[in-house]
Amino acid sequence: MSVVNVAVIGVGLVGKEFLNQLATVASSQTNRSIRLVYVSNSKNSVYNANDGIPLDRWEQTLAQEQARKVSPSDLPSRLKADLNVSTSARPVTIVVDNTSSEQIASLYPSFIQNGVDVITPNKKAYSSNLSLYNDIVTASSTPGGGRYLNESTVGAGLPIISTLKDLVATGDEVVKIEGVLSGTLSYIFNEYSTPSGQGPSFSSIVSQAREKGYTEPHPGDDLNGADVARKLTILSRLIPSLRNHLPEGYQSVSITSLVPASLASVSSGDEFVKALPSFDAEFEQLREDAKREGKVLRYVGVIDVKEGVVKAALDKYPANHAFATSLQGSDNIIAFHTKRYGSRPLIVQGAGAGASVTAMGVMSDLLKLL
Ligand SMILES: NC(=O)C1=CN([C@@H]2O[C@H](COP(=O)(O)OP(=O)(O)OC[C@H]3O[C@@H](n4cnc5c(N)ncnc54)[C@H](OP(=O)(O)O)[C@@H]3O)[C@@H](O)[C@H]2O)C=CC1
Ligand SMILES: N[C@@H](CC=O)C(=O)O
Ligand code: NA
């Protein structure tokens, strides 16, 4: 029976749900044994390369004081040494990063160089500066290197990255990609800006989006457009002519921020949400302006390949536009305009945030590796 070792960094909303799904998948395997060898949050970690960590007791094991601690930065070498990942008959060893940490993302090259596969919904690695992206691509294309999959970084579990990779790999030419790429901003504007122009306050809807688990750990990272810009960067880098187009990653994208200037430096998500009601009147004005034109507000991302324009912006759309009529909840909608898909784009739509659909995208990457 072949062995698959899985190390999980980050056990918040997505990480916990991923471990639930891993337990279900592990129990249905007949010709391979899935072993959980590492679990960590930001304060604690448990490592057991010999016997594995029971999938139905990982939480208690992590909470134990005598848990065997290994920091994520020591993990690449420990996994290589203890699990013999570099031999040709190696068991598959996969690290799943369910954090939103830059520091963890910076470790991917060393995991991959050590033959460990990396799967993640964390957008930081492929949306930051080009050097980290290039290091990951180089490491994973080197013989013996691990593989890297990140489907849930765009559209959560929706098949966005795999669709774009398939279009490019089969020789189609991408002309433009546009859509609603943020589950949080989709939910907020679907609820806030309807044709009637009436409804609850902006800040109350932001709090609801947070309670539903759609937002980033800090909701300001959704409202400032950075999350959409990161997704646009990840997609742009899969389009050959745009691969080097955004040297500073999401910071090279043209972004409209919805964060009030005086809240831009509030580092606590709780404090940010508490202070937001003072700015409801400003958002009310935007809602009224749109209503007066018979339009609704939607936050949209665009990659125009020919023009070389990549932008994340709040725009007004007619009340009968697909962005106004067909979206509900945290839905994302992404239209791929390509040479083959001509005048009618290939469209992918569905829930684009939330723990269960995000963990599904992570789990499906794991199954693809197997
Ligand atoms: N929620 C969603 O709908 C979607 C989320 N994503 C991405 O999934 C990732 C996880 O999101 P979510 O689960 O909502 O976030 P949470 O804040 O709920 O969970 C983050 C987890 O990461 C842990 N963590 C943070 N830093 C470190 C570190 N340095 N070392 C070890 N563990 C660390 C946290 O530990 P502690 O508990 O101690 O703070 C926590 O367990 C993010 O990258 C997000 O962008 C992608 C698509 C959709
Ligand atoms: N905060 C993000 C989560 C998924 O990427 C979003 O709202 O889309
Ligand atoms: Na996806």
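Since this is a predicted model, take the numbers as computed values, not measurements.

Enquirer: Run through the overall build of the chain, naming residues and quoting values.
Expert: In terms of helices and strands, the chain carries 16 helices and 12 strands. Its C-alpha radius of gyration of 21 Å places the chain within 12% of the 21 Å reference for a compact globule of 370 residues. Across the 370 residues in the chain, those meeting the buried criterion constitute 45%. Across the chain, contacts joining residues at least 24 apart in sequence account for 70% of those joining residues at least 6 apart.

Enquirer: Hey, could you go over the site of ligand 1 for me, with residue numbers and the actual values?
Expert: Around ligand 1, the structure places 32 residues, and the nearest of them are G10, G12, V14, S42 and S100. Elements supplying a minimum of two residues to the shell around ligand 1: α1 (13-27), α4 (102-105) and α16 (355-369). For the shell around ligand 1, the element with the highest residue contribution is α1, accounting for 3 residues. Partitioning the shell around ligand 1 into residue classes produces 12 nonpolar, 17 polar and 3 charged.

Enquirer: Can you break down the site of ligand 2 residue by residue, with the values?
Expert: Near ligand 2 you find A156, S182, G183, T184, Y214, T215, E216, D222, D227, G352 and A353, and these make up its full shell. Of the residues in the shell around ligand 2, the class split is 3 nonpolar, 5 polar and 3 charged.

Enquirer: Any chance you could break down the confidence of the model for the chain for me, citing the residues and the numbers?
Expert: Chain-level statistics for the chain give a pLDDT mean of 95 and a share of 98% at 70 or above. In the model output, the complex is listed with pTM 0.97 alongside ipTM 0.99.

Enquirer: Before we move on, can you summarise the UniProt feature "binding site: L-homoserine" (unreviewed entry) in the chain with the specific residues and values?
Expert: Those residues carrying the UniProt feature "binding site: L-homoserine" (unreviewed entry) are E216 in this numbering. Take E216: it is sitting in the loop between α10 (202-211) and α11 (220-223). Setting aside residues no more than four positions away along its own chain, E216 makes contact with S100, D221, D222 and D227.

Enquirer: Summarise the domain arrangement of the chain; cite the residues concerned and give the values.
Expert: Domain boundaries in the chain define domain 1 (3-156 + 357-368) and domain 2 (160-352). Between the C-alpha centres of domain 1 and domain 2 the distance comes to 29 Å. At the junction of the two partners, domain 1 supplies 16 residues and domain 2 supplies 24 residues. Mapped onto the side of domain 1 that touches domain 2, the elements with two or more residues apiece are α6 (124-127) and α7 (130-140). Of the residues in the side of domain 1 that touches domain 2, the class split is 7 nonpolar, 7 polar and 2 charged.

Enquirer: So, the environment of K43: which residues are in play, and what are the values?
Expert: Within the secondary structure layout, K43 lies in the loop between β2 (32-40) and β3 (45-47). Residues K43 and I136, 93 residues apart in the sequence, show an inter-C-alpha distance of 27 Å.

Enquirer: How would you explain the sheet that holds strand β8 (residues 254-255) if you had to name every residue and give the values?
Expert: Within the open sheet, the 6 strands sit side by side as β8-β10-β9-β7-β11-β12. Their pairing is mixed. If you trace the sheet from one side to the other, it starts and ends with β8 and β12 (346-351), each paired once. Sheet analysis places strand β7 (residues 174-180) next to strand β9 (residues 295-304), joined by 4 bridges and oriented antiparallel. When the sheet's bridge partners are listed, G179 is paired in β9 with G301. Helix α12 (residues 226-236) rests against β7, β8, β9 and β10 (309-318) of the sheet, and its axis sits at about 30 degrees to β9.

Enquirer: So what about the nonpolar core? Which residues, and what values?
Expert: Nonpolar side chains in soluble globular proteins tend to end up buried together. Counting residues in hydrophobic clusters, the biggest one holds 100 residues, and the most contacted among them are V6, A7, V8, F18 and Y108. Broken down by element, this core gets its largest block of residues, 7 residues, from α16. Of the residues that make up this core, three or more belong to each of domain 1 (3-156 + 357-368) and domain 2 (160-352). Excluding anything up to four places from it in sequence, A7 contacts V37, Y38, L75, L79 and V95.

Enquirer: If you had to explain the sheet that holds β2 to someone new, which residues and values would you point to?
Expert: A sheet is described by the order of its strands in space; here 6 strands give the open sequence β3-β2-β1-β4-β5-β6, paired in mixed fashion. The open sheet is flanked by β3 and β6 (148-149), the only strands paired with a single partner. Along the sheet, helix α3 (residues 75-83) contacts β1 (2-9), β2, β3 and β4 (92-97); its crossing angle with β1, the most-contacted strand, is approximately 165 degrees.

Enquirer: Which residues make up the packing of α1 against α16, and what values go with them?
Expert: Packing of α1 against α16 brings their axes to within 8 Å, and their N-to-C directions diverge by 55 degrees. Classified by the angle between their axes, α1 and α16 sit oblique to one another. Where α1 crosses over α16, the handedness of that crossing is right-handed. Along its contact with α1, which presents L13, V14, E17, F18, Q21, L22 and V25, the element α16 presents A355, S356, T358, A359, M360, V362 and M363.

Cut-off values and rules
- Residues numbered from 1 in each chain as written.
- Chains lettered and ligands numbered in written order.
- Predicted model: local features only at pLDDT ≥ 70, side-chain atom pairs only at ≥ 80, totals over all residues.
- Helix = DSSP H or I, 4+ residues; strand = E, 2+ residues; numbered from the N terminus.
- Rg over C-alpha atoms; globule rule 2.2 N^0.38 Å.
- Buried ≥ 20, exposed ≤ 12 C-beta atoms within 10 Å, placed from the backbone.
- Contact = placed C-beta atoms within 7 Å.
- Near = placed C-beta within 6 Å.
- Nonpolar A, V, L, I, M, F, W, Y, C, P; charged D, E, K, R; others polar.
- pLDDT = per-residue confidence, 0-100.
- UniProt positions renumbered as here; feature names shortened; annotations may be inferred.
- Domains from an automatic or database assignment.
- Pairing = 2+ DSSP bridges.
- Axes fitted to C-alpha atoms, helices over the stretch in contact; angles between N-to-C directions.
- Core = buried A, V, L, I, M, F, W, Y, C linked by C-beta atoms within 7 Å.
- Parallel < 35°, antiparallel > 145°, perpendicular 65-115°, else oblique.
- Left-handed = near helix turned anticlockwise from the far one by under 90°.

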